[in-house]
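# Close look at the chain arrangement
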Amino acid sequence: MGRVEGKVAIVTGGASGMGAATARLLAREGAAVLVCDLQADKGRQVADAIQAAGGRSRYVEHDVTSEDAWKTAMALTLQAFGGLHILVNNAGVGAPFGNVEDLSLDDWRKVMAVNMEGVFLGTKYGIETMRKTGKGGSIVNFSSTMGIVGSPSTAAYVASKGGVRLFTKSAALHCAKERYGIRVNSVHPGWIRTPMSSAALDKLAESGAGNKALELTPLGRVGEPDDVAYGVLYLASDESGFVTGTELVIDGGYTAQ
Ligand SMILES: NC(=O)c1ccc[n+]([C@@H]2O[C@H](COP(=O)([O-])OP(=O)(O)OC[C@H]3O[C@@H](n4cnc5c(N)ncnc54)[C@H](O)[C@@H]3O)[C@@H](O)[C@H]2O)c1
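First things first, this report covers the structure right here in the doc. Throughout this description, residue numbers start from 1 for each chain and increase along the sequence as written. Only residues with pLDDT of at least 70 get local features here, since the model is predicted, and only at 80 or more are side-chain atom pairs given and counted; chain-wide, interface and lining totals rely on the full set of residues. Remark: hydrogens and water are excluded; side-chain values derive from all non-hydrogen atoms of the structure.

### Some points on the site of the ligand
Whether a residue is near a molecule or strand depends on its heavy atoms: it is near if one of them lies within 4 Å of it. The ligand sits among 28 residues. The nearest are Ser16, Asp37, Asn90, Tyr157 and Thr194. Residues adjacent in sequence count toward polar contacts only when both atoms are side-chain atoms; beyond that, a polar contact is any pair of N or O atoms within 3.5 Å, and within protein one must be able to donate a hydrogen and the other to accept it. Between the ligand and Met18, the relevant distance is 2.9 Å, taken from an oxygen atom to a main-chain nitrogen or oxygen of the residue. Here Gln39 contributes a side-chain N or O atom positioned 3.0 Å from an oxygen atom of the ligand. Per-residue and other accessible areas were derived by the Shrake-Rupley procedure at a 1.4 Å probe size, with only the shown protein chains allowed to occlude residues. Contact with the protein chains hides 92% of the accessible area of the ligand, taken as 830 Å² for the molecule alone. Three classes are used: nonpolar for Ala, Val, Leu, Ile, Met, Phe, Trp, Tyr, Cys and Pro, charged for Asp, Glu, Lys and Arg, and polar for all others, with Gly counted as polar. When grouped by side-chain class, the residues that make up the shell around the ligand number 13 nonpolar, twelve polar and three charged.

### Details of the side chain of Asn89
Secondary structure is summarised from DSSP: a helix means a run of H or I of at least four residues, a strand means a run of E of at least two, and numbering begins at the N terminus for each. With respect to the secondary-structure elements, Asn89 resides in strand S4 (residues 86-89). Looking at Asn89, its side chain comes within polar contact range of the side chain of Thr123, at 3.4 Å. Contact between two residues is taken to exist if any of their heavy atoms lie within 4.5 Å; hydrogens are not considered. Aside from chain neighbours lying at most four places away, what touches Asn89 is Thr12, Trp70, Gly118, Val119, Gly122, Thr123, Ile139, Val140, Asn141 and Phe142.

### Quick notes on the environment of Gly252
Here Gly252 lies in the segment after strand S7 (247-250). A residue is classified by how much of its surface remains accessible, and Gly252, at 23% relative accessible area, is partly exposed. For the pair formed by Gly252 and Thr129, sequence separation is 123 residues and the distance between their alpha carbons is 35 Å. Partly exposed describes any residue whose relative accessible area lies between the buried limit of under 20% and the exposed limit of over 50%, with all areas from a 1.4 Å probe on protein chains only and scaled to the type maximum.

### A look at the pairing of strand S2 (residues 32-37)
Taking burial as the measure, the six residues of S2 include six buried ones, the bulk of the element. Neither face of S2 is open: one carries Ala32, Leu34 and Cys36, the other Val33, Val35 and Asp37, and all of them are buried. Note: strand S1 (residues 8-12) against S2, five bridges, orientation parallel. Its bridge partner being in S2, Ile10 is matched across the sheet by Leu34. Think of it like this: strands point away, you trace from the first strand over the helix to the second, and a clockwise trace means the crossover is right-handed. Crossover connection from S1 via helix H1 (residues 17-28) to parallel S2: handedness right-handed. Paired strands, as defined in this entry, are two strands with at least two bridges between them according to DSSP. As paired elements, S2 and strand S3 (residues 57-61) share five bridges and run parallel to each other. Its bridge partner being in S3, Leu34 is matched across the sheet by Arg58. Following the chain from S2 across helix H2 (residues 40-52) to the adjacent parallel S3, one finds a crossover that is right-handed.

### Structural notes on the pattern of salt bridges
Here a salt bridge means any side-chain nitrogen of Lys or Arg lying within 4 Å of a carboxyl oxygen belonging to Asp or Glu. As enumerated under the stated definition, the model contains nine salt bridges in all. Here Arg165 and Glu247 are joined by a salt bridge, their closest N and O atoms 3.0 Å apart. A residue pair is termed long-range when its members are at least 10 positions apart, and Arg165 in helix H5 (residues 155-177) and Glu247 in strand S7 qualify at 82 residues. Put simply, Asp106, Asp107 and Lys110 are held in one network by salt bridges that share partners.

### Thoughts on the pairing of strand S6 (residues 182-189)
For S6, the tally of buried residues reaches eight of eight residues, placing the bulk of the element in the interior. By the bridge criterion, six bridges tie strand S5 (residues 137-142) to S6 in an arrangement that is parallel. Of the residues in S6, the one forming a bridge with Ser138 is Arg183. Taken together, S5, H5 and S6 form a β-α-β motif whose crossover is right-handed.

### Thoughts on the packing of helix H4 (residues 105-133) against H5
Fitted lines through C-alpha atoms give the axes, limited to the stretch in contact for helices. The angle between two N-to-C directions lies from 0 to 180 degrees. H5 packs onto H4 with a crossing angle of 15° between their chain directions and a minimal axis gap of 9 Å. Between H4 and H5, the crossing angle belongs to the class labelled roughly parallel. Judged by the sense of rotation from one axis to the other, the crossing of H4 with H5 is right-handed. Across the interface between the two elements, Trp108, Val111, Met112, Asn115, Met116, Val119, Phe120, Thr123 and Ile127 from H4 touch Ala155, Ala156, Tyr157, Ala159, Ser160, Lys161, Gly163, Val164, Phe167, Ala171 and Cys175 from H5. Taken together, the residues that form the contact of H4 with H5 break down as 15 nonpolar, four polar and one charged. The labels follow the angle: roughly parallel below 35 degrees, roughly antiparallel above 145, roughly perpendicular from 65 to 115, and oblique for the rest. A crossing counts as left-handed when the near helix is turned anticlockwise from the far one by less than a right angle, and as right-handed when that turn is clockwise.

So, in structure tokens, the structure goes:
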């Protein structure tokens, strides 16, 4: 208990899946958490549950693709909690799917807007607000195993997640060079059971390929949101004080093969 005691965190996409698990875990370990998402009902439920358990949390409706929404979220964090030490850029979309031949430019841009531009804006304004707070900080950006290895049918998704991987290193090196005391790292989940992956996993299971997807995961199971949230907690806490620009893969061994 208390691994992030006294810190203030923002978690984007905090209404669902790994974002919700991360928000709950950071709060349980002592952080005040601003839960950001487009899904107001689910986001409020996460913040309310944290408060009911004795933690500090607020929900704010927030679109990661909007620069104005980022400015508002940062102002709200400073006003409500007095600073910012942890930013988890978790919000993301899997669809529209498509290979390089059938994907339209419009669909490519939709994926990039959330998965890449959202992470860019969050990191930019996160650094600004952490510098104002003056206590350093930790930014954790959600990439994927699909930011490390390719996949034929998700051209935009893998490009966006590969972009997050290297953008994170660029931001980490910049913050280190400037001696801000701000660390920036990426996490790379494999198959994790969340609303985003459930439909795809069910479809794979129906077609018989689902078991194959599991067979390809050496640990032989789909991951749970908490498997990833614990990795984020480590990167968010001072325990990882010498860790920046790294990529934490949480995939049951999938990319070790
Ligand atoms: N589930 C997996 O197997 C898996 C694997 C690797 C990486 N990831 C990545 O992990 C992250 C979390 O995914 P998840 O599986 O928990 O998905 P999820 O669908 O359960 O949660 C994603 C959340 O992001 C929110 N969101 C989407 N667009 C947004 C926007 N423009 N502004 C604000 N919020 C927005 C959604 O409303 C949703 O609550 C994503 O970045 C995803 O790409 C997921």
